Amino acid sequence: MTTDMKAIAEFRFRPDHMNSPGHLSSLDDVDVLIEEIIAGSTYENLAQITHLARGCVKPNIPGHDLPELPDHDFQVGVDRELQVAVLLFIDDTGNYVSEGSPDSRSAPVYYLAGHRTEFRDQVEIPIDIAREAVKEFLLTKGRRPTFITWKNQYPEDDLI
């Protein structure tokens, strides 16, 4: 993966990335990242991608002086056995996941650096579509991709 100073995004999916993230400097790097996830461990199949053009926010929790955090969270998970992927996008507009077909799995599980994340039902999409959505995320300076259909991350939000 490129460590060029012209990085447009950082990514983390293995424990060693937590303090030293990988970098995306081009759309070609997205393909390399997806292939690394596919070839990697089952317990490292969900990558968090932070676009460097977006801002940060300082959490306001009384009694705590917390560091600034990115104003967004974008993740892509890849299940190499089933050849499917999942996307997650969070910012001040809401929490969203990719909308999979009605016959996709219920409650799929992915792992970010060994930490388990269970998603809601029917969120998995073809890997190539997820790959294009990640590229759109980079091209739009970290906006939620319009290339796919999204739904609320939490089913109870569907009722609002």
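Residues numbered from 1 in each chain as written. Predicted model: local features only at pLDDT ≥ 70, side-chain atom pairs only at ≥ 80, totals over all residues. Heavy atoms only, no water.

**Concerning the overall build of the protein chain**
The number of helices and strands found in the protein chain is two helices and 12 strands. Each helix and strand of the protein chain, ordered N terminal to C terminal, gives the series β-β-α-β-β-β-β-β-β-β-β-β-α-β. Whereas a compact globule of 160 residues would reach a radius of gyration of roughly 15 Å, the protein chain reaches 15 Å, a difference of no more than 12%. Seen through its C-alpha atoms, the protein chain measures out along the principal axes to roughly 45 × 40 × 30 Å. (Helix = DSSP H or I, 4+ residues; strand = E, 2+ residues; numbered from the N terminus. Rg over C-alpha atoms; globule rule 2.2 N^0.38 Å.)

**Details of helix α1 (residues 27–39)**
For an α-helix the count is 3.6 residues per turn, leaving residues at separations of three or four pointing the same way. The end-to-end C-alpha separation of α1 is 19 Å, in line with the 18 Å expected for 13 residues at 1.5 Å each. If you check which residues of α1 are buried, you get Asp 29, Val 30, Leu 33, Ile 34, Ile 37 and Ile 38. Each element contacted by the buried residues of α1 is listed here: β1 (9–12), β2 (22–24), β3 (46–51), β6 (73–79) and α2 (127–139). (Expected span 1.5 Å × (residues − 1). Buried < 20%, exposed > 50% of the residue type's maximum accessible area, 1.4 Å probe, protein only. Contact = heavy atoms within 4.5 Å.)

**Side note on the packing of aromatic side chains**
Tallied over the entire structure, the rule returns seven aromatic pairs. Among the aromatic residues, ring-to-ring pairing joins Phe 74, Phe 89, Phe 137 and Trp 150 into one connected group. The ring of Phe 13 carries the charged tip of Arg 14 above its face, separated from the ring centre by 5.4 Å. Over the face of the ring belonging to Tyr 96 we find Arg 144, whose NZ or CZ atom lies 3.8 Å from the ring centre. (Phe/Tyr/Trp six-rings, centres within 6.5 Å; stacked < 30°, edge-to-face > 60°. Lys NZ or Arg CZ within 6 Å of the ring centre and 35° of its normal.)

**Some thoughts on the confidence of the model for the protein chain**
Put simply, the protein chain has an average pLDDT of 92, and 96% of its residues get 70 or more. The lowest-confidence element of the protein chain is strand β4 (residues 56–57), averaging 90 in pLDDT; the highest-confidence one is strand β11 (residues 125–126), averaging 98. (pLDDT = per-residue confidence, 0-100.)

**Some points on the pattern of salt bridges**
The full count for this structure, using the stated rule, is 14 salt bridges. Ionic pairing is found between Glu 35 and Arg 131, a salt bridge with its closest N-O pair at 3.1 Å. Within this pair, whereas Glu 35 is found in helix α1, its partner Arg 131 is found in helix α2, the two being separated by 96 residues in sequence. Salt-bridge contacts for Asp 91 lead to Arg 54; the nearest nitrogen and oxygen are separated by 3.7 Å. Taken together, the residues Asp 91 in strand β7 (residues 84–91) and Arg 54 in the loop between β3 and β4 connect sequence positions 37 residues apart. Here the two residues Asp 91 and Arg 54 agree in accessibility, since each one is buried. (Salt bridge = Lys/Arg side-chain N within 4 Å of Asp/Glu carboxyl O.)

**Remarks on the nonpolar core**
Core analysis: the largest hydrophobic core is formed by 36 residues, its most contacted members being Ile 49, Phe 74, Val 76, Leu 87 and Phe 119. When residues of this core are traced back to their parent elements, those giving at least two are β1, α1, β3, β6, β7, β8 (94–98), β9 (109–112) and α2. Among residues more than four places away in sequence, those in contact with Val 76 are Ile 34, Ile 37, Asn 45, Leu 46, Ala 47, Ile 49, Val 86, Leu 87, Ala 130 and Val 134. (Core = buried A, V, L, I, M, F, W, Y, C linked by side-chain atoms within 4.5 Å.)

**Digging into unusual backbone geometry**
Positive phi, normally seen in glycine, also occurs at Gln 83, with a value near 55 degrees. We note that Ala 107 has phi near 50 degrees; this positive angle belongs to a residue other than glycine. Structurally, the position occupied by Ala 107 is in the loop between β8 and β9. Assessed through its relative accessible area of 27%, Ala 107 is described here as partly exposed.

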